[in-house]
Each structure stands twice: as structure tokens, then as C-alpha cells.
Amino acid sequence: MNPCSRIFWLFLALAVLMVAFAPLPQVQTTPSEHTFRIKAHSFEFSPAEITVNKGDQITIELTSLDVVHGLYLDDYGLQVKADPGQTEILTFTANRSGTFRFRCSVTCGDLHPFMIGKLHVGANLLFWRGSGLAVLAIITLWALFSNNSNGARITMKVK
Amino acid sequence: MTTFKYNLLQHTWIKKLATNRWPLLILRSIALGGFVFVILVGILGTPIGNHNFAIVAVWIAWWAALMLLLVPFLGRGWCAVCPIPMPGEWLQNGVVLGPGKNSQGKKRRRFPKPLRSIWLQNAAFSLLALFSVVILTRPLVTAWVLLGMILLAVALSLVFERRSFCRYVCPVGGFIGLYSQLAPVELRVIDSQVCKSHAEKSCYQGSENGSGCPWNVFPGSLTVNTNCGLCMECLRTCDYDNIALNLRTFSADLQPQNQSKLDEAYKAFIMLGSALVYSAVMLGPWGTLKQATSQIGSLPWFGYAMALLALTWGLLPGLFYLTNRVGLFIAPTPHPPHQTFTAYAVALLPLGLTAWVAFSFSFVFANISYLWPALSDPFGWGWNLLGTAALVWTPYLTSLTPLLQMLVLIGGLIWSSYTAQKIAGECKAPHQAWPVMMFSLFVTILLLWLLIA
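Because the structure is a prediction, the values reported are computed rather than measured.

The next thing to look at is the overall build of chain B. Across its full length, chain B carries 21 helices and five strands. For 453 residues, the compact-globule formula gives about 22 Å, and the C-alpha radius of gyration of chain B, at 22 Å, lands near that figure. When the backbone C-alpha atoms are referred to their principal axes, chain B occupies close to 60 × 60 × 40 Å. Among the 453 residues that make up chain B, the fraction classed as buried is 63%. A total accessible area of about 17700 Å² is found for chain B, and carbon and sulfur atoms account for 71% of it. Considering chain B, the positive charge centre built from 29 side chains and the negative charge centre built from 14 side chains are found 6 Å apart.

A few words on the sheet that holds strand 5 (residues 69–73) of chain A. Residue and element names in this part refer to chain A. What the five strands build is an open sheet, ordered 3-9-8-5-6; its pairing is mixed. At either margin of the open sheet sits one strand with a lone partner, and together these are strand 3 (49–52) and strand 6 (78–82). The sheet shows a mean angle of 20 degrees between the axes of neighbouring strands, direction not considered.

Time to look at unusual backbone geometry. A cis amide bond links S46 of chain A to the next residue, P47 of chain A, at an omega of 0 degrees. Secondary-structure assignment places P47 of chain A in the loop between strand 2 (44–46) and strand 3. Unusually for a residue other than glycine, L397 of chain B sits at a positive phi of about 50 degrees. As for its position among the elements, L397 of chain B is in the loop between helix 19 (371–376) and helix 20 (401–426).

It is worth spelling out the interface of chain B and chain A at this point. In this complex, chain B contributes 59 residues to the contact, which on the side of chain A involves 45 residues. Carbon and sulfur atoms make up 65% of the surface buried where chain B meets chain A, a total of about 4800 Å² over both sides. On the chain B side of the interface with chain A, the three residues burying the most area are P285, W393 and E426 of chain B, jointly 13% of the side's total. R138 of chain B is the partner of D110 of chain A in a salt bridge, and the nearest nitrogen-oxygen pair spans 2.8 Å. Where chain B touches chain A, the interface holds 12 residue pairs in polar contact (both at pLDDT 80 or more). When residues of the side of chain B that touches chain A are traced back to their parent elements, those giving at least two are helix 7 (132–137), helix 14 (262–283), helix 15 (287–294), helix 17 (337–345), helix 18 (348–367), helix 20 and helix 21 (433–452) of chain B. Grouping the amino acids of the side of chain B that touches chain A by side-chain chemistry returns 34 nonpolar, 20 polar and five charged.

All names here are of chain B. For the pair helix 6 (residues 119–130) and helix 10 (residues 171–179), the least separation of the axes is 7 Å and the interaxial angle reads 115 degrees. Where helix 6 crosses over helix 10, the two elements pack in a sense that is left-handed. Residues Q121, A124, F125 and L128 of helix 6 touch helix 10, and the partners they reach there are P171, G173, G174 and F175. Residues of the contact of helix 6 with helix 10, tallied by class, amount to five nonpolar, three polar and no charged.

On to the pairing of strand 5 (residues 243–248) of chain B, then. Note on strand geometry: in a regular strand, side chains alternate between the two faces of the sheet. All names here are of chain B. The buried count for strand 5 comes to five of six residues, which makes it a mostly enclosed element. Pairing of strand 1 (residues 5–7) with strand 5 involves three bridges; the strand directions are antiparallel. Bridging across to strand 5, K5 finds its partner in R248. Relative to strand 5, strand 2 (residues 185–189) runs antiparallel, the two sharing five bridges. Counted as the bridge partner of L187 is L245 from strand 5.

Ranked by internal contacts, the top residues of the largest apolar core, which has 182 residues, are L66, F175, Y179 and W356 of chain B. Beyond its immediate chain neighbours, meaning those up to four positions away, Y179 of chain B contacts V71, M271, L349, G352, L353 and W356 of chain B. With five residues, the next largest nonpolar core counts W9, L12, L136 and A143 of chain A among its residues.

Let's shift gears to the sheet that holds strand 4 (residues 57–64) of chain A. Residues and elements named next belong to chain A. The sheet built from four strands is open, its strands ordered 2-1-4-7 with mixed pairing. On the outer flanks of this sheet lie strand 2 and strand 7 (87–93), each paired with one strand and no other. Neighbour to neighbour, the strand axes of the sheet diverge by 25 degrees on average, direction disregarded. Pairing geometry for strand 1 (residues 33–41) and strand 2, over three bridges, is antiparallel. In the sheet register, H41 faces strand 2, and the bridge partner there is E44.

What the rule picks out here adds up to 42 aromatic pairs over all chains. Seen from their ring centres, F379 of chain B and W383 of chain B are 5.6 Å apart, and the 65 degrees between their planes marks the pair as edge-to-face. Cluster of aromatic residues (ring-pair linked, three or more members): F114 of chain A together with W59, W62, W63, W78, F125, F175, Y278, W356, F359 and F363 of chain B. Lying over the aromatic face of Y76 of chain A, R96 of chain A brings its terminal NZ or CZ to 5.6 Å of the ring centre. Taking NZ or CZ as reference, R162 of chain B lies 4.3 Å from the ring centre of Y204 of chain B, over its face.

Quick look at the environment of P87 of chain B now. Residue and element names in this part refer to chain B. Relative to the elements of secondary structure, P87 occurs in helix 5 (residues 86–93). The partly exposed category is assigned to P87, whose relative accessible area is 21%. On a C-alpha basis, the gap between P87 and S362 in space is 35 Å, while along the polypeptide they are 275 residues apart. Look past the residues within four positions of P87 in its chain and what remains in contact with it is I150 and V154.

Criteria and thresholds
Residues numbered from 1 in each chain as written. Chains lettered and ligands numbered in written order. Predicted model: local features only at pLDDT ≥ 70, side-chain atom pairs only at ≥ 80, totals over all residues. Heavy atoms only, no water. Helix = DSSP H or I, 4+ residues; strand = E, 2+ residues; numbered from the N terminus. Rg over C-alpha atoms; globule rule 2.2 N^0.38 Å. Buried < 20%, exposed > 50% of the residue type's maximum accessible area, 1.4 Å probe, protein only. Areas by Shrake-Rupley, 256 points an atom, 1.4 Å probe, with all protein chains shown as cover. Lys, Arg positive; Asp, Glu negative; His and termini not counted. Charge placed at Lys NZ, Arg CZ, Asp CG, Glu CD. Pairing = 2+ DSSP bridges. Axes fitted to C-alpha atoms, helices over the stretch in contact; angles between N-to-C directions. Contact = heavy atoms within 4.5 Å. Buried area = accessible area lost by both parts, 1.4 Å probe. Salt bridge = Lys/Arg side-chain N within 4 Å of Asp/Glu carboxyl O. Polar contact = N/O pair within 3.5 Å; in protein donor to acceptor, adjacent residues only side chain to side chain. Nonpolar A, V, L, I, M, F, W, Y, C, P; charged D, E, K, R; others polar. Left-handed = near helix turned anticlockwise from the far one by under 90°. Core = buried A, V, L, I, M, F, W, Y, C linked by side-chain atoms within 4.5 Å. Phe/Tyr/Trp six-rings, centres within 6.5 Å; stacked < 30°, edge-to-face > 60°. Lys NZ or Arg CZ within 6 Å of the ring centre and 35° of its normal.

Below is the structure:
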């Protein structure tokens, strides 16, 4: 292996480790309070996506416009239930960053299992790390096969 | 190049187990009983999907077992125990156990030659996909679909020889067969010369020991798993003890010399495209899209149907075709574009399978807890047979799921890219794989965005 190759592979290994594990700089914001009025009806939450910063104090006012609906927040394990025409309140601190699905937790009809919304807290590092690792995987394979391509054989059939 | 293979049949007890008809009959009978029960529950039970055993057992429990275990590790393992062809096979053979009087299947017609491909399976899967949200959530619809499948299987077995339904029509069998090429299990002959010189071809024609291959395959020419249903019938009929059930490396079938055909290439796009669409519809936050998929016959549903068909039958294959043209431009070879299209489509199989695994993680972990009450109260009639009827819905592993999905998808991307490079290497045009890898990267990032962003 020549020195250039070594440097390339070392750089690639470092890049993989950094993308996978390095803590990325977070935008420092003063925690603030947010209130979201979420309407639940016809198997959808409206708004279906809410975005906050890590550390923010969140209040969700869940109002059901048709049947009984619930809201269960993945990973946080919090839930609230609202009867038709009623509003129920869920308050919590967004102390975990990432994207979290919230789901209806009360069987509300046919499409109940698909009644889903998303809470985005800060940057979704998992998505960016995943995308970065995917790109690095392609680069690694390209480099590996470029080194080995001289020995390739040809046997592909032409029908 | 020698590849790892380990013949499980060298162990006498495994061979006895595989040759004996009883173990498979027992498993298939249990499956048939479950199948009939699911149809009954679907028809008679509560119309609320996640409280009805039919929906929970089929679309959550069975689906989880199929996509997370059976297909990745056993290939067509499910087909070996699938109850759908059983009644038809009994009628065809004239007996429940054994080869029967019509074992050689000569009294039935061959399936029409123009339809001997998986185009029908592609069309059947797409047709079901258009109604999938309704099928997945309404017990009665699930019951009618399952009943329809078994009746169609019986009807076809009365007219056509062997398991024509499984081989050419079953919408599930189509993708299981395609992805079975990735599984670390295969049934092959030990020495193909023995098969060539064997005039009787009892494995294909049948004998007093068993039926001719129910899947209409001559085992001596098997090079890929796609059409082998692992029924073990050839093991019983082979006069020379020439059948092996091998453990092998994953995706050992994805060799350039085992080129897929256009129908199989299209199946890869249909499956990949459907995984994208299902991730958006069932796991996304877009309520309007969900409504559109369930309002059958409405204008929004037609829009959804057109979009699904356009993506799976037009956009993805078209984009991939262009990708291949770029590959041929970068690294010209004498192969015509349609041939590189089908050759490189094979490279998408690992990504397709991992896309379905990643999708299934979200869907299954979030909903599997509906199974516990459904086991106690399958019909939703207020029973409490196992004392689990009151257990509340609890999504499992929600913090781990996105990480698992990311790892599985990146694994699929690496696996697909490696396969593309292998194909390109065989063509002595390693740079031809580049655009295919870019296509795979694009689809992977799209899936990551849909599933974890």
C-alpha cells in the first residue's frame, strides 16, 4: 500500500468515526415556552409536524373534533386523551433531541394505526449521521473496488 | 471461486425429518387451521381492525415473522408451509398424504406459455397495493382477500398442473421468490451430471415415492432459489440421493451468470417503490395522503393509485434505465441497455429487502402489542381466554427503532452496491456500477428521510 493510499484510508476511517460518533455543534438557544394547539380528527393530527429546540417547555393542547383520540409521544412515553369536542393538555420539557412520532393511542377507526404526527426537537442527528454514513459507504466501496478492478473477469452472458 | 456450502442433509436426523411427510403436513395443517380461523374471525368478528385477530395475526404477527425472519433467513421457507395451495393439491393428488394417484400431474394442463413468468404476480401485487390500506385495516376485506386467494388456488389446481397458482399468480410468492435469492439456504443437486444422465427424471416426473416437482422445476437445473418452494418432494423422489439442502452465504444467487429476466427486474422496482410509498402513507404525518388511500373510487384515491403505479412501473424503472445508460456511457461494453437494465436490477434486491425490513420494524414494533388482547378475544366479543384481553396498547422499542432502521438501510446499501460492483467487475467495466450505486444511495437517503427524519 503506497503512502497516499494509507492517508486516504486513514482519512476515510476518521471520517466514518466522526460522522458516526462526533458530537455536532448545537445552536445554543435560550429555552422557551411553546404552546401547540393540535386538532385530532379523521385519522390526522393538525398540525402534524411540530418543531422545537432542545430544552424548550412544550404545551400540547389536544382537541378532538370527532371521536375520542389520544396522543402518545414515542420515546418520551407521554400520552394524553381527548374526548370529542374537549381539549386536554400535555406539558413536558423537550429534553431529548431528534424526531419522534406521536400516535393516536385510542382506537378511533379503520386508519387508527396510521394516525401519526412528528415532533422535531433540534437537529435530527440520526438522519444526518445515517446519510453521511451512506455516502461514506459508497466512497469506501468505490475505493475498494477501484483497487481490485484490474483482476476482474468477464463472463456475463449475452443472450 | 469456491463458496461456502454446508449440506444439512448429511445429518441423518435432518434428512429423516425432511424426507418424512408428516412434519410438513402437521405444520401446514396448523397453518391451514389458522388460515380458516382468520377468515372466520374476519367475517364474524368485530369490524374494528386492531381488535380483530384476523388483522392483528395476519398483518402484524405473520407479516413480522415473514419479513423479519422467514424471507431473510429461510427464503421460501414460508411457501413450504403455506396452507393456500393445500386443498387444491389434495384435489389434484386425490390424497392428503403422499404422492397420490395423480402424482405426476399429467391429467392437468400446463399453465399457458405466455403467462409463465411473474408478470401476473407483479400485477397481482400492484393490484393489492392499490387497496392495501383498506385490506390492512378492515377485517372483512382481509377475510375476502384470503378466501379469494384460496379459492383461486383451488380453481387453478383443478385446471392446471402442479402449483401453478404459487408459481405464476400468488402476489406474495412473487416477492418471496425474488428475495429468497438472498437467503442463506438453498436446495440444489449435488452432482448435476447425475441428473443429466438420469433418463427417468423422477424428481420432475414423479414416482411411487413422491410427486414430480410441484413447482414445475427440474432440480438438476436449479441455479437460483426463485422457483424452489422447499417442499422437499425431490428429496423423496431422487433415485440417487443427489439432493442437498445447503447452508450458504447470503445472496449467493446474485451472480452475474444468473441473470434475471425483465419480469423479475420489474418486481424489484415494484417492491422498492411500494416500500417507499408504504413508508410515506403508513408512517408519515400526511393525513390527506392516508385519507386518499382509503377512499376507494374517489378522485384522491385515483390520484394515489396513479402515483403508486407511475412510481413503481414507470418512474423508478425509468430512472434506473437512465442510470444504466449513464453507466454504459462511462464504461462502454457490448451489452445492450435492456440487458444491463435487468442485470443491474438484481443489485437492488438487498436494498429492497432491507427497505421492507426497516419499514416493518416501525410498523410491527409499534403495533404488535395489539396481539395480546386479540389472542384472548379474537372476535372482539368480550372474551378473555388467556387473561390478556385488558392489556393496553404499548409501542415497543420506539427509541431503538430509528437506529435499527438506519443500520439496516445502510447495510442494504452496502450489500446492493457490493452486488453492483460484482456485476460490473464481471463485465470488466467496474465504473459501470457507479450510477447504480448513486441510484441506491438516492433511494437509501429517501428511505432514511421517510422513516427517521
